[in-house]
Amino acid sequence: MPQPLSFNTTSFGVGSAGPENLGKAILHLNQALLADNSYLDLSDLLLASKYSEPSFSGLQDHDYPYNFLAGGDLNEIAQIKKTALPPELVERFAYMQCNCLMGLFPAIKRAWLSIDSDIFMWNYEDGSDVAYYDGLSETILCATLVQPKAGIFQSHIVYLLCLATAVDIVLLGVSFRHTGSDSDGTYEEMHLVPEPLFAVSTDNVHITSMQSTASGRIFMAGKDGCLYELYYQAEDGWFSRRCRKINHSKGLFSMFVPTVFSFTDDDPLVQISVDDSRHLLYTLSEKGNIQLFDIGGDADSQKTSRLASLSQKHVVDDACRIARTVENSSFRPIIHISALSKAESSNVHLVGVTTTGTRFYFTTTDYSGSLQSTCKPRMLRLIHVRLPPGYTVQSTQGRPSNVHAAFYKRGVLLLASSQSEDSDILWMLSDDAFPFQRELSESHDVIPLVGRTWLMAESCQNALPPSSMLPNAVMFAVSNDERPDPPAVVTQHLQIDRQFVIVNSLGTTILTKCSPVGQLHQLLVQYGPESEQVKSYFRLHKEQACATCLVLICSRSLEYQQANDLAIRAFFLYGGAPEYASQDMAATSMHNTSLAYPPQSSTPFSNVARNLNFTSPGTSAIVPPSSRSFSATGTTPLHPGVDLQATPVPSGFTMISFSYKHNSLYLYLGRLLRPLWQNRMVAEIEQVLKTKERVIHLVSIFDGDQLTWIMHKLMELKDFIEANANVMATTGSAAAAAVKGDSIGHSSQRTSGVPGGTAPDNQMTKQYRTHAETEENISLKQLQQLITLSCEYLGLWKILCDHQFNVIARSLTKDQQLALQNVTFELLVTNGQDVCQALAKKLVDMYITDNAATDVINARLREVCPSLYSCHDEVYSKGFEKLKLAKTAGCGTERDKYVSEAVEQFKVIATRIDLPSTCEQFASLKCYSGIVDLVLTAASKRDPQNLALHFYANSKPTADIQGSQAYNIRMDCYKVILETMDYLLSTTHFNPQAPSVPKVPGPPPAHDAGRLSSAEAQHYIDEMFNKILQSTDQMVHVALFDWLIYKNMSEKLLEIQSPYLEQYLKHSTSLIHTETVEMLDLHWKFFEKQKNFSAAARILASLAESRNARITLNQRVEYLSRAAICAKSCTSHMSVPGDGEFLHELEEKMEVARLQLHIYDILSKNKSKYRGSVIEHALERLKTELLEISVLYSEFAEPFELPECKLAIVHCAGYYDPALVETLWRDIIDKELEVTARLDTQVRVQSLYAKLVSQGRKYASTENYFPIVNLVRYLEKLSCNARLNLAEADATFVFRAMLDVSVGFPFLFDVYNKIFKFKDSDWKNNQKPYHLLRVICLLLNHFIRKPQIIPSVERHAFVTKALDAVASYLVELEAETTVNVGQLIADLRDLQANLQRVN
């Protein structure tokens, strides 16, 4: 059973709902739609789902409430219009011989009269347009109008007229001259095709009734009790004729057997009723028996099967069993049946009416509970019996009797009760006055009719524009389930009053049924808004009455204009005020479900009507009956954020309830938007092109006229709210005073329920009432904003529909099209701004593409949807229009003018445009300077406070979120410039003269006129460079510098003359990571280029000393070398104090660095000789930093036994220790001999010779670090060492090495002479006491061969000295007796002779 829904606020303060936030308004609107959609199915109203046996109603007062308004009931019949038979037809009765019949064709608003074999038709509204057919020879027994099957007849055949006689059945074509559209229901000048289209024999079957289906099938009731079908098709088949009669009661074979051979006295069928929604057919026999047939959904199907039958006796027995207090004569006979479509009920499928007005409700499925059955029809079961009015105890009216004609459709029952042969009483019963009930309650009206009723039907009215939108299932649904149509109060603004036509021998009577708004109109006009009748009406219906009042207020109908002011008065008089409900009241009304009239405490509507109250978003809208109250007002707990310590909640006050007028406004808005709100706005239509390609088009489901109608209704509601804004805001006590203190009990009952009633409580009550009024005012403001937005979206959608919606939608991106496919109007309003703005821009683009002026469409969009298409959008479109003109203008001043104007237009809206796409347009026009101008303007406007520069200058702190956002915004803008320069740069590398490989065979591709040449691209790059460098925007300079570095264009960067370059480099080097050195490289190069050599030298020195692993030791040495050069290049005007000292430091560091490099090289070459981890660590340390000289000695040269490096370090440090130096030289010599130990002696001598020369040349100029005497003595001792035996290989290598390191010959001779005279005992120990004399002999012979080694001026003195020495050597040798020195003496004498010759 449906329960009341509630609209509840979840916040208390005013600040909780700003006018820009529509969240609550959307929530309230959705709850209003849910409320309207929570009506009960007819089976639930009849309580048919609660019992296994049929239910019963009609005996309780609430079944037919009487006098529920003070002073009487509501009228169900608004007006009566009588039209007499056309005079020419009255005359025809005089010629009647056999039979006459009358009927109605409501689809074309025609009544018909058959007299014998002639049939006449006329417009029953005014008696005009009389048409007739007299082509038959037999008496007409039955007639019906048929919607023809598709694809059989020509287009001018709008309907078929099927006539049955005793002999044959004839199909005639019906055509019209239309004065309106096909859907407006207006047909004029009816014409009948003279020749029958089809004619079939009746086979002596008397046809008693005929009924057609919506698909064009024709079914006939036979007096023989059989159901027949007149089947027709376009062409004859192999085994079938174009038109034939089929008996569905006795099988398909009966079509070949004439009925005359199988005639039996069966129960004649008298009525057929078709349910097109379920494809079911019901028949009623003369004895009241009912049959059910399944006719299938295919118009060309011949299969019709009988599913079930139910006898009248069985129905009456069931009725008597459940209604034992009612005479069984009230239940027979059944005179009328009417099928109920899915739009009327899900579970009730058929209603039957008896002569007493009793109704039987049947179902064809076995359903349980209140859920719609999904079973196929398979039975006929009575589920409810309802007695007519007059059976209740308090009833003072009579009851229907002698009912001979009845009609039922969509909740309205017409009964024609005979009073005499010449008069009837017409009963009209309807449940429209009591919507949203838990049980069926109906009002009724009774009027006399002159003449005996022959037939009754509902007229097909020309509906309001929205009724042609879509089928009801889509038009009224807020969900996808197949539910019955909602009550009339929900859709009354879409429909005009229903009309029913009664035909008799005197003519036709048209009755107009009062809709709920019509009934309220009658009350206001007849009694006035302050009357007890109107007050009772509002007390009964509450917000539903206020919503109905809004239909009157917002109507432009002339009929309702006179009641407009009265309705406004009643709306505010009985609209109530927001209040807080008490717990006691909620508990009292929770289980109060009894109905009493007048409804003082509880009414049918107050118990189950959608008294809309506000639930929080997380609360379920529909809850079980046991958990919800049927109170007349909705409630919600106070928001937990309210400061209740300062203002304690009064006892019993915990729930807020909005006023009826507030809830009714949301109700009415929901009803206006109901066709759109939760339905898709577009549909997909597939088109097959000539190329067999399938294309999907997105088309609008709603057309412009439909949207215009809803938009006008919304504007009427908006105008009403705006016109009465002051009164709308006057709520609570002020409003009560304005309406004479009567607000129909909406607040008075609650305030009196406060326990205690003390003065403080009353004060708090006023305070909370003020809060409630404020909350309601906020909600109403949101409602007004929601209406405005809805009008804008509808207006835009209408404009799109007027401009080929499918073409505009096709131009959207794939993502936008995907979003558009599933968008509902709710999604459009809440989250569809982007896609709508895209659609609007595509519309304007379409104008621009067509070279059409955009002023008109811009103005129209600004007028209709200013929040979706702002003045900025208008400027944007004008800018693109200028670009379009520039493209068509060619070259010259006119083109430049348009481009300049476009740039200025876009600069105005630089904060809102899509820079990449806009700049692409400028690029296509080769306006690259305009791109820079536009981007710079956009960057400055999007970051007006230049927060990005502050963020950048402060090293981009992570805590500065605002600065980070501004920086990213600017970089995104500059990215457009840089990407454009990327393109131009790539173009400059393109060589147009180079041959290109064709992509496909054939001739070469056409020349691309739009492609830039390399020269042009370079020109535009320079143009953009100059434009940027002229700018005072420091951040764009930074972006340009970064781009040049990224593109490896450092030289170009250094050529730039920018005031921000030095600052950029300083900033970049301050932020540099240990892994990068490029910026420091650029920095010293920049200073070098600026001739600031001092700054360059210091940067180079810092680079050399940095611990960056990417800088190699060679690079460090090079940096120091460059630093030294720069330091030496300092000029007087650029130098700074301390440059000289700095240069000295650099030179010293250079020497140490070279030593470190030397150590590194030696260790690298001999890496395999050391332990892996130790050598790796040592090499890594040497490579990544410059070390102190002491560290090099103690931690590298000493541990790794590198004597050469030790000697170099000692020399570099200026440390002199003769013993240490002599030791180091010996270590160098010993290590060399050790390294070559396994080599040939000659090779070892050569290697040692090379080592002595290489090392000697380094230190020969410094005697302290090149001790010649000690070196010669040590080397000669090694030479004569028997183990080494070096002298045997080459006795001259020692003095030759000394001579090669530039030791003077005389000095060298003195060294040898001195050593010989020292008479070291080592020579005798080595068994070679005269080894040195032999070497001296070789040394002097070397002189004799090359005397030029001694300058000529010194040569004589040297020779004299040498002769003296040789003479002394001879004297010493001649005295020697222990050693054979004969050969040595001979050599010395030869040497003496040679020296004398030289001298």
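For the structure, check the block above.
**Q** So what's going on with the overall build of the chain? Residues and values would help.
**A** Summing up its helical and strand segments, the chain has 51 helices and 34 strands in all. Looking at the chain as a whole, 53% of its 1399 residues are labelled buried. Sequence-distant contacts, at least 24 apart, represent 66% of the contacts inside the chain between residues at least 6 apart. Carbon and sulfur atoms form 51% of the exposed surface of the chain, whose accessible area is close to 62800 Å².

**Q** Summarise unusual backbone geometry; cite the residues concerned and give the values.
**A** Here the bond from Arg332 into Pro333 is cis, since omega is -10°, no more than 30 degrees from zero. You can see Pro333 is positioned in the loop between α4 (312-322) and β20 (334-339). In the Ramachandran plot, Asn946 falls in the positive-phi region, its phi being about 55° despite a non-glycine side chain. Relative to the elements of secondary structure, Asn946 occurs in the loop between α28 (928-942) and α29 (947-953).

**Q** Before we move on, can you summarise the pattern of salt bridges with the specific residues and values?
**A** Applying the stated criterion to the full structure yields 48 salt bridges. The salt bridge involving Arg321 is made with Asp318; its shortest N-O contact spans 2.9 Å. Placement of the pair is Arg321 and Asp318 together in helix α4, with a separation of three residues, close to one helical turn. A relative accessible area of 11% means that Asp318 is categorised as buried. Note that Glu686 is salt-bridged to Arg694, the shortest N-O span being 2.9 Å. Residue class for Arg694 comes out exposed when judged on its relative accessible area of 53%. Taken together, the salt bridges that share partners define one network made up of Asp63, Arg359, Arg386 and Glu442.

**Q** Explain the environment of Arg1226 to me, and be specific about the residues and the numbers.
**A** Relative to the helices and strands, Arg1226 is located in helix α42 (residues 1218-1235). Given the relative accessible area of 36%, Arg1226 is considered partly exposed. Along the chain, Arg1226 and Asn1270 lie 44 residues apart, while their C-alpha atoms are 9.4 Å from each other.

**Q** Can you explain the sheet that holds strand β26 (residues 423-430)? Please cite residues and give values.
**A** Taking strand neighbours across the sheet as the criterion, the four strands line up as β24-β25-β26-β27 in an open arrangement whose pairing is antiparallel. A strand with exactly one partner marks an edge of an open sheet, and here the two such strands are β24 (403-409) and β27 (443-450). Neighbour to neighbour, the strand axes of the sheet diverge by 20° on average, direction disregarded. By the bridge criterion, six bridges tie β24 to strand β25 (residues 412-420) in an arrangement that is antiparallel. Considered in β25, the bridge of Phe407 is made with Leu414.

**Q** Break down helix α41 (residues 1203-1213) for me, citing the residues and quoting the values.
**A** Of all the eleven residues making up α41, eight are buried; the element is thus mostly covered by neighbouring parts of the structure. Among all positions of α41, only Pro1203, Glu1204, Cys1205, Lys1206, Leu1207, Ala1208, Ile1209 and Val1210 are buried. Positive backbone phi, at 75°, marks Gly1214, one or two positions downstream of α41.

**Q** Break down the pairing of β20 for me, citing the residues and quoting the values.
**A** The buried count for β20 comes to five of six residues, which makes it a mostly enclosed element. Taken together, the five bridges between β20 and strand β21 (residues 350-354) define a ladder with antiparallel strand orientation. Note that in β21 the partner of Ile334 across the bridge is Thr354.

**Q** Outline the sheet that holds strand β13 (residues 218-222), supporting the account with residue identities and numerical values.
**A** Overall, antiparallel pairing links the four strands, which are arranged β12-β13-β14-β15 in an open sheet. The open sheet has two edge strands with one neighbour each: β12 (207-212) and β15 (243-247). Each strand of the sheet is rotated relative to its neighbour by a mean of 25°, with strand direction disregarded. Pairing between strand β14 (residues 227-232) and β15: five bridges, direction antiparallel.

**Q** Can you tell me about the packing of aromatic side chains, naming the residues and giving the values?
**A** In the structure shown here, the tally under the stated rule is 29 aromatic pairs. Measuring from centroid to centroid gives 6.0 Å for Phe105 and Trp112, while their planes differ by 20°, and the two rings are stacked. Both residues of the pair, Phe105 and Trp112, count as buried. For the ring pair Phe1343 and Phe1358, a centre distance of 5.1 Å and an interplane angle of 70° mean the geometry is edge-to-face. Remark: Phe1358 occurs in helix α50 (residues 1352-1374) and Phe1343 occurs in helix α49 (residues 1331-1345); sequence separation between them is 15 residues. Residues Phe1343 and Phe1358 agree in their burial class; the two are buried. Three or more aromatic residues joined by ring pairs form one cluster here, namely Phe1305, Phe1309, Phe1343 and Phe1358. For Arg399, the ring lying beneath its charged end belongs to Tyr391, and the centroid distance is 3.8 Å.

**Q** Please provide a residue-by-residue account of the packing of helix α40 (residues 1189-1197) against α41, values included.
**A** At their nearest, the axes of α40 and α41 sit 10 Å apart, and the two run at 165° to each other. Taken together, the axis directions place α40 and α41 in an arrangement best described as roughly antiparallel. For the crossing formed where α40 meets α41, the hand is left-handed. In this structure, α40 contributes Ile1189, Leu1192, Tyr1193 and Ala1197 to the contact, and α41 contributes Cys1205, Lys1206, Ile1209, Val1210, Cys1212 and Ala1213. By residue class, the composition of the contact of α40 with α41 is nine nonpolar, no polar and one charged.

**Q** Tell me about the state of the cysteines, and name the residues and values.
**A** Within the structure shown, the criterion is met by zero disulfides. Here Cys919 is not disulfide-linked; the sulfur of Cys973 is the nearest cysteine sulfur, at 9.3 Å. Taking the relative accessible area as the measure of exposure, Cys919 reaches 2% and is therefore buried.

**Q** Quick rundown of the side chain of Asn724? Include the residues and the values.
**A** Mapped onto the elements, Asn724 comes out in the loop between α15 (704-723) and α16 (725-729). A residue is classified by how much of its surface remains accessible, and Asn724, at 14% relative accessible area, is buried.

**Q** An account of the environment of Asn289 is needed here, citing residue identities and associated values.
**A** Mapped onto the elements of the fold, Asn289 is located in the loop between β17 (280-285) and β18 (290-294). With a relative accessible area of 25%, Asn289 lands in the partly exposed category. When the C-alpha positions of Asn289 and Leu269 are compared, they lie 8.8 Å apart, and in sequence the two are 20 residues distant. Discounting residues that sit within four places of it in the chain, Asn289 has contacts with Asp267, Thr283, Leu284, Leu310, Ser311 and Gln312.

**Q** Kindly report on the environment of Arg110, identifying the contributing residues and their values.
**A** Tracing the backbone through its elements, the reader meets Arg110 in strand β4 (residues 110-115). Expressed as a C-alpha distance, the spacing of Arg110 and Trp122, which sit twelve residues apart in the sequence, is 5.3 Å. From its side chain, Arg110 meets the backbone oxygen of Tyr187 in a polar contact 3.2 Å long.

**Q** Before we move on, could you go through the packing of α49 against α50 and cite the residues and values that matter?
**A** Here α49 crosses α50 at 150°, and the two axes come no closer than 12 Å. Considered as vectors, α49 and α50 are oriented roughly antiparallel to each other. Classified by chirality, the crossing of α50 by α49 is left-handed. Contacts from Leu1333, Ile1336, Leu1340 and Phe1343 in α49 reach Arg1355, Phe1358, Val1359, Ala1362, Val1366, Tyr1369 and Leu1373 in α50. Residue composition of the contact of α49 with α50, by class: ten nonpolar, no polar and one charged.

About the thresholds
Residues numbered from 1 in each chain as written. Predicted model: local features only at pLDDT ≥ 70, side-chain atom pairs only at ≥ 80, totals over all residues. Heavy atoms only, no water. Helix = DSSP H or I, 4+ residues; strand = E, 2+ residues; numbered from the N terminus. Buried < 20%, exposed > 50% of the residue type's maximum accessible area, 1.4 Å probe, protein only. Contact = heavy atoms within 4.5 Å. Areas by Shrake-Rupley, 256 points an atom, 1.4 Å probe, with all protein chains shown as cover. Salt bridge = Lys/Arg side-chain N within 4 Å of Asp/Glu carboxyl O. Pairing = 2+ DSSP bridges. Axes fitted to C-alpha atoms, helices over the stretch in contact; angles between N-to-C directions. Phe/Tyr/Trp six-rings, centres within 6.5 Å; stacked < 30°, edge-to-face > 60°. Lys NZ or Arg CZ within 6 Å of the ring centre and 35° of its normal. Parallel < 35°, antiparallel > 145°, perpendicular 65-115°, else oblique. Left-handed = near helix turned anticlockwise from the far one by under 90°. Nonpolar A, V, L, I, M, F, W, Y, C, P; charged D, E, K, R; others polar. Disulfide = S-S within 2.5 Å. Polar contact = N/O pair within 3.5 Å; in protein donor to acceptor, adjacent residues only side chain to side chain.

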